[in-house]
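Coordinate inspection notes
Residue-level listing of the chains:
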Amino acid sequence: MTADEGENSGAERELAATPWSWGGLGPVGGVLLVLSGIGLLLWGILGRTSAGPSLIYQAAKVVAIGLVVTGTTLMARRRDSSRRPDAETESAPRS
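Throughout what follows, the structure given in this document is the object of discussion. This one's a predicted model, so the numbers in the text were calculated from it and none came from an experiment.

Cut-off values and rules
Residues numbered from 1 in each chain as written. Predicted model: local features only at pLDDT ≥ 70, side-chain atom pairs only at ≥ 80, totals over all residues. Heavy atoms only, no water. Patch = residues over 30% accessible without salt bridge, like charges linked within 9 Å, V, L, I, M, F, W, Y side chains within 5 Å. Areas by Shrake-Rupley, 256 points an atom, 1.4 Å probe, with all protein chains shown as cover. Salt bridge = Lys/Arg side-chain N within 4 Å of Asp/Glu carboxyl O. Helix = DSSP H or I, 4+ residues; strand = E, 2+ residues; numbered from the N terminus. Expected span 1.5 Å × (residues − 1). Contact = heavy atoms within 4.5 Å. Axes fitted to C-alpha atoms, helices over the stretch in contact; angles between N-to-C directions. Parallel < 35°, antiparallel > 145°, perpendicular 65-115°, else oblique. Left-handed = near helix turned anticlockwise from the far one by under 90°. Nonpolar A, V, L, I, M, F, W, Y, C, P; charged D, E, K, R; others polar.

A few points about a nonpolar patch on the surface
Where nonpolar side chains cluster on the molecular surface, the patch consists of Val 31, Leu 35, Ile 38, Leu 42 and Leu 46 and spans about 460 Å² of accessible area. Considering the arrangement of structural elements, one finds Leu 46 in the loop between α2 (27-45) and α3 (52-83).

What follows is the structure, encoded as structure tokens:
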């Protein structure tokens, strides 16, 4: 294995360890998706457009995707913080 291959494999491992998160926005991007989906839901429910049921369905999908993006990025951050060596660990009670 050459030095270049070693450097590339480290970069690939780092890239694989980072969660997909809308270009670094993470939970902010997910919250924006949820808010825009809620806005679309309200727009469809209030009947401001003739595409009511299909718009409501599409808005529900946007809300669901936003919740998934937010949840996965928050869980990945929590998992990463628990793997750090400086993270506090619970010790067994002494008898």
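As for α3
Here α3 contains 32 residues, and its C-alpha end-to-end distance of 47 Å stays within 8% of the 46 Å for a straight helix at 1.5 Å per residue. Elements in contact with the buried residues of α3: α2.

Some details on the environment of Trp 43
Tracing the backbone shows Trp 43 in helix α2. In the structure, Trp 43 is positioned twelve residues away from Leu 55 in sequence and 8.4 Å away in space, judged by C-alpha atoms. With near-sequence residues (within four places) excluded, Trp 43 lies in contact with Arg 48, Thr 49 and Leu 55.

Thoughts on the packing of α2 against α3
Running from N to C, α2 and α3 point in directions that differ by 160°, and their axes come no closer than 7 Å. With respect to α3, the element α2 is oriented roughly antiparallel. Crossing angle aside, the handedness with which α2 passes α3 is left-handed. For the contact of α2 with α3, the residue count by class is 19 nonpolar, eight polar and one charged.

Remember, this is a structural readout, not a statement about activity or role.
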